[in-house]
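Now for the letters of each chain:
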There are 2 protein chains.
Amino acid sequence: MTCISHLESTADGSTLAAGELHNVHAGKPLLVRYDLDAVRASVTPRQWAERPGGMWRYEELLPLRDQANRVSLGEAETPLLHCPRLGERLGIDDLWIKDESRLPGGSFKARGMAMAVSMAKELGVSSVATPTAGNAGGALAAYAARAGMSCYVFMPDDTPVVNRYEAVMHGAKSWLVDGLIHQCGAIVREHQPAMGWFDMSTLREPYRIEGKKTMGLELAEQCSYELPDVILYPTGGGTGLIGMWKAFGELAELGWLKSEKRPRMFSCQSDTCAPLVPAFEQGLEHGVELENPETKAAGIRVPKALGDFLVLRAVRESGGRAMAAAEEGIRSWMELALELEGVPLCPESAACIGVLAKALKEGHIGAKEKVVLFNTGAAQKYVEVMACELPRIKPADWQPGMA
Amino acid sequence: MTCISHLESTADGSTLAAGELHNVHAGKPLLVRYDLDAVRASVTPRQWAERPGGMWRYEELLPLRDQANRVSLGEAETPLLHCPRLGERLGIDDLWIKDESRLPGGSFKARGMAMAVSMAKELGVSSVATPTAGNAGGALAAYAARAGMSCYVFMPDDTPVVNRYEAVMHGAKSWLVDGLIHQCGAIVREHQPAMGWFDMSTLREPYRIEGKKTMGLELAEQCSYELPDVILYPTGGGTGLIGMWKAFGELAELGWLKSEKRPRMFSCQSDTCAPLVPAFEQGLEHGVELENPETKAAGIRVPKALGDFLVLRAVRESGGRAMAAAEEGIRSWMELALELEGVPLCPESAACIGVLAKALKEGHIGAKEKVVLFNTGAAQKYVEVMACELPRIKPADWQPGMA
């Protein structure tokens, strides 16, 4: 049973009622607040652990009122994989990857969309729309299909092909837009009233963040409520980082963390699209705006995020940093993870490897610290980045000298 | 603790010792046998259920001696998804999809390779090789990477691009061969002695089948040990079907099934590559041999499988059938599952939808039966089959009339 209390505006702190449809307030995102005393009275971490695995076990700290409205494709707990070989290569003892590629559709977007579509169903929505530059469109299309809702997706015309095709095959009406993601978002906002769409854009609805929050809840449980020293997270729209930081705050307030320590949150971008890095370094509240930035990590190609100030706030509160990795290293960092650990790291998370290497060198992260890096999607979905030539032979021609 | 007893030849029933490296005996596959009394004395289904989810919880009925040799990427239990909308479209009440796309690397091949590579590690192997026409090569490469073994992969030159790239990026030395999968297999067998490779080809080593068997163990547990009426399974090499049938036999012998009923196993192929279908219909022991068959379902493009007689035996014992679906329907059956249920059905499993429709029409499956269909991989890995054109627009040009 949810212990939701109300929604709170990040613009001015004003309170909005739960159980009603909301997008933003005064142009800023809404955060869901809970009655944490009621949570504490209703459940214990041990009881959570006894329920079926995955994000829905945390139902007291999630917004859905009636579990019959769950729209689910089976969101199992994602594995937290110890990566000693990769750690050794980077010069760190205690490196872990939380592999979100194992969620439905092969990306972490499933958590947010499972929650947002479930809430949309509960609140009577029958048609949803979103801009996307990566995995979000396919994830929304999949959950909308599962819910029997109609779905509209607008994507820049250089969106990875697998993301295009999955949206279409899940039955979403989909367009390639000659423009960037914020222009796709503008189409959704302009036509939303007439079309009766509910706008599912990042942080323009309050529940994707609650789904993403479960990355933090799950990680806490997997670490026996003793959180790691550092989290490295690729940052586009930032929902995941904001969500995890919110989760750790809620767990702390509940008194369920074993120690006061919370992770230093490292927001990782590519140096060709890093609006948060100068903002962090110069003490700005918002990310700097970029003109048409390029990166092969499609999911972090976000020139201006609505929730940038929430990401920067979380990073600073945590004692972490916003850092950028060199764009030209992305494919080779993917290879490192795939070759040394068998983990199919996506290009966005490859940027976290670059940041980790740099942060170790610059002393922002210590070699003995426990570091968790999030793999937000399956490498296999990035066919353009994976592309390579294989040697071709006739069956009779292979010789040991070729090995 | 494993309760392995010995290995048994499918050629002549002779017994081989466990704890030693084996490939085949008299050219035929080996099956792992257990001391089922010892299993019964060691564990109960309830105890299995209390362990962490996924294939490794069944350790008594798996061959690994020392759990420290597990080579794992976090093989969580795959969801069993009720699919009422798809069922309604096909005219069946109780349809379920077991979604194996949620395993590491996005395919069911993970189960077999996790087990086979763990056993190879336990038995001292440091170099592995395989032919592949689909997901097996990438899965082997991933687990070999995780284990720190060297890996060699040979694939026909029309293998799906994602399968090529993932093998390479996982560090496997990989070649495109101008030929079919059996010619790739011949390269492995010819050079295996000199190269010191362990041959991981389908059914040429005894443990992939034990990994695949866990599909059956997991399904039994998810159904509270009351098995469904029908299982539909796409059949290339056949390891999964043989493995599940073996699992059900072991559970029956243990006395752990709630009723005597075992599922009728439907082996599903495409009508352009269906060696088992005429064999089944004509009462032959082996599949018919095909010349260079084509199908867009790469994983079931297997003209001649080493274990075909074991598949046919299981299908017949179960009261099921070998049936073929029309090749030209494959993409539209994928769409059905993606659009109606949000499940990313692969082309191989799309053939199961075609077989289900046909079997319902011909009366081989009843509309009231409980039917479980296996999705053996993620649709997203089949970029060639998914490919489609999306409408392109300028940002200002979208109009409600386009919806």
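Notes on the structure follow.

Time to look at the overall build of chain A. Counting its regular elements, chain A contains 14 helices and 14 strands. Relative to the globule expectation of 22 Å for 403 residues, the C-alpha radius of gyration of chain A, 21 Å, shows essentially globular dimensions. Among the 403 residues that make up chain A, the fraction classed as buried is 65%. Partitioning the intrachain contacts of chain A with sequence separation of at least 6 by distance along the chain shows that 71% fall at a separation of at least 24. For chain A, the centre of its 42 positive side-chain charges and the centre of its 51 negative side-chain charges are spaced 2 Å apart.

Residues and elements named next belong to chain B. Secondary-structure assignment places Arg264 in strand β11 (residues 264–270). Here His364 takes part through its backbone oxygen, which lies 2.8 Å from a polar atom of the side chain of Arg264. Here Arg264 is in contact with Asp229, Val230, Ile231, Ser318, Gly319, Gly320, His364, Ile365 and Glu369, once residues within four sequence places are set aside.

The buried fraction of helix α6 (residues 161–169) of chain B amounts to eight of the nine residues, a majority that puts the element mostly inside the structure. Positive backbone phi, approximately 90°, marks Gly171 of chain B, located one or two places after α6 of chain B.

Moving on: the interface of chain A and chain B. Listed as interface residues are 70 residues of chain A and, on the opposing side, 70 residues of chain B. For the chain A and chain B pair, buried surface summed over both sides reaches about 6100 Å², with 64% attributable to carbon and sulfur atoms. On the chain A side of the contact with chain B, Arg102, Met169 and Trp398 of chain A bury the most area, a combined 14% of that side's loss. Here chain A and chain B share four salt bridges between them. Among the ionic pairs, Asp178 of chain B bridges to Lys394 of chain A, the shortest N-O distance being 2.7 Å. Taken together, the links from chain A to chain B amount to 27 residue pairs in polar contact (both at pLDDT 80 or more). In terms of residue class, the side of chain A that touches chain B is made up of 41 nonpolar, twelve polar and 17 charged.

Let's shift gears to the sheet that holds strand β1 (residues 4–9) of chain B. All names here are of chain B. Across the sheet, which stays open at both edges, the three strands sit in the order β2-β1-β3 with antiparallel pairing between neighbours. Taken across any chain shown, the strands that pair with only one partner, and hence form the sheet edges, are β2 (15–16) and β3 (30–34). Across two bridges, β1 lies against β2 in antiparallel orientation. Within β2, the position partnered with Glu8 by the bridge is Thr15.

Turning next to the sheet that holds strand β3 (residues 30–34) of chain A. The strand order β2-β1-β3 (chain A) describes an open sheet built from three strands, whose pairing is antiparallel. Edge positions in the sheet fall to β2 (15–16) and β3 of chain A, since each of these pairs with one other strand and no more.

All names here are of chain A. In terms of burial, helix α11 (residues 308–318) is a largely internal element, eight of the eleven residues being buried. Of the residues making up α11, those classed as buried are Asp308, Phe309, Leu310, Val311, Leu312, Ala314, Val315 and Ser318. For α11, the secondary structure elements touched by its buried residues are α9 (239–254), β11 (264–270), α10 (276–282) and β12 (321–325). Of the residues flanking the end of α11, it is Gly319, one or two places downstream, whose phi is positive at about 80°.

This next bit is on the relation of the copies chain A and chain B. Between chain A and chain B, the superposition needs a rotation of 180° and an axial shift of 0.0 Å, giving an RMSD of 0.0 Å. The superposition of one copy onto the other is thereby described by a two-fold rotation axis. Rotation axis and chain A: the residue whose C-alpha lies nearest the axis is Arg102 of chain A, separated from it by 2.8 Å. Comparing interface residues between copies, 100% of those in chain A also lie at the interface in chain B; the contact surface is shared.

Residue and element names in this part refer to chain B. Relative to the assigned elements, Asn23 resides in the loop between β2 and β3. In this structure Asn23 comes out as partly exposed when scored by relative accessible area, which is 22%. In sequence terms Asn23 and Pro206 are 183 residues apart; their C-alpha atoms lie 6.7 Å from each other. Residues contacting Asn23, with those up to four places away along its chain left out, are Leu30, Phe198, Asp199, Arg204, Glu205 and Pro206. Within polar-contact distance, the side chain of Asn23 engages the backbone oxygen of Asp199 at 3.1 Å.

Time to look at the pattern of salt bridges. When charged atoms on two side chains of opposite charge get close, those side chains can pair. Residues and elements named next belong to chain A. For the structure on display, the rule yields 48 salt bridges over all chains. Residues Asp229 and Lys261 are paired through a salt bridge, measuring 3.1 Å at the closest nitrogen-oxygen approach. Of this pair, Asp229 sits in the loop between α8 (208–222) and β10 (230–234) while Lys261 sits in the loop between α9 and β11; the two residues are 32 residues apart in sequence, bridging distant segments of the chain. Residue Lys261 is classed as partly exposed on the basis of its relative accessible area of 32%. Glu294 serves as the salt-bridge partner of Arg301, at 3.8 Å between the closest nitrogen and oxygen.

The next subject is the packing of helix α4 (residues 109–122) of chain A against α8 of chain A. Residues and elements named next belong to chain A. As a packed pair, α4 and α8 sit with axes 6 Å apart at the nearest point and diverge in direction by 130°. The angle between the axes of α4 and α8 places the two elements in the oblique class. For the crossing formed where α4 meets α8, the hand is right-handed. The residues of α8 that touch α4, namely those facing Lys109, Arg111, Gly112, Met113, Met115 and Ala116, are Arg208, Glu210, Gly211, Lys212, Thr214, Met215 and Glu218. Grouping the amino acids of the contact of α4 with α8 by side-chain chemistry returns four nonpolar, three polar and six charged.

Let's shift gears to the packing of aromatic side chains. Overall, the coordinates contain 22 aromatic pairs over all chains when judged by the stated rule. Relative to Phe374 of chain A, the ring of Tyr233 of chain A lies with its centre 5.7 Å away and its plane at 65°, an arrangement referred to as edge-to-face. Placement of the pair is Tyr233 of chain A in strand β10 and Phe374 of chain A in strand β13 (residues 370–375), with a sequence separation of 141 residues. Since its relative accessible area comes to 1%, Tyr233 of chain A is described here as buried. Looking at Phe374 of chain A, the relative accessible area reads 0%, which means it is buried. Plain terms: the ring middles of Trp245 of chain B and Phe248 of chain B are 6.5 Å apart, the flat faces sit at 90° to each other, and that makes the pair edge-to-face.

Within this structure, the stated rule accounts for nine cavities of 30 Å³ or more. Of the volumes computed, that of the largest cavity is approximately 180 Å³. Forming the boundary of the largest cavity are 20 residues, of which Ser101, Gly106 and Ala378 of chain A together with Gly106 and Ala378 of chain B lie nearest the centre. A breakdown of the residues in the lining of the largest cavity according to their chemical character gives eight nonpolar, eight polar and four charged. Considering only enclosed or pocket space, the second largest cavity measures out at about 100 Å³ in volume. Mapped onto the lining of the second largest cavity, the elements with two or more residues apiece are α4 and α5 (135–147) of chain A.

Conventions used here
- Residues numbered from 1 in each chain as written.
- Chains lettered and ligands numbered in written order.
- Predicted model: local features only at pLDDT ≥ 70, side-chain atom pairs only at ≥ 80, totals over all residues.
- Heavy atoms only, no water.
- Helix = DSSP H or I, 4+ residues; strand = E, 2+ residues; numbered from the N terminus.
- Rg over C-alpha atoms; globule rule 2.2 N^0.38 Å.
- Buried < 20%, exposed > 50% of the residue type's maximum accessible area, 1.4 Å probe, protein only.
- Contact = heavy atoms within 4.5 Å.
- Lys, Arg positive; Asp, Glu negative; His and termini not counted.
- Charge placed at Lys NZ, Arg CZ, Asp CG, Glu CD.
- Polar contact = N/O pair within 3.5 Å; in protein donor to acceptor, adjacent residues only side chain to side chain.
- Buried area = accessible area lost by both parts, 1.4 Å probe.
- Salt bridge = Lys/Arg side-chain N within 4 Å of Asp/Glu carboxyl O.
- Nonpolar A, V, L, I, M, F, W, Y, C, P; charged D, E, K, R; others polar.
- Pairing = 2+ DSSP bridges.
- Least-squares fit on C-alpha atoms with pLDDT ≥ 70 in both.
- Axes fitted to C-alpha atoms, helices over the stretch in contact; angles between N-to-C directions.
- Parallel < 35°, antiparallel > 145°, perpendicular 65-115°, else oblique.
- Left-handed = near helix turned anticlockwise from the far one by under 90°.
- Phe/Tyr/Trp six-rings, centres within 6.5 Å; stacked < 30°, edge-to-face > 60°.
- 1 Å grid on protein atoms, 1.4 Å probe; cavity = no way out; pocket = protein on both sides within 12 Å on 5 of 7 lines; lining within 4 Å.
- Points joined across faces, edges and corners; volume = space filled by probe spheres on them.

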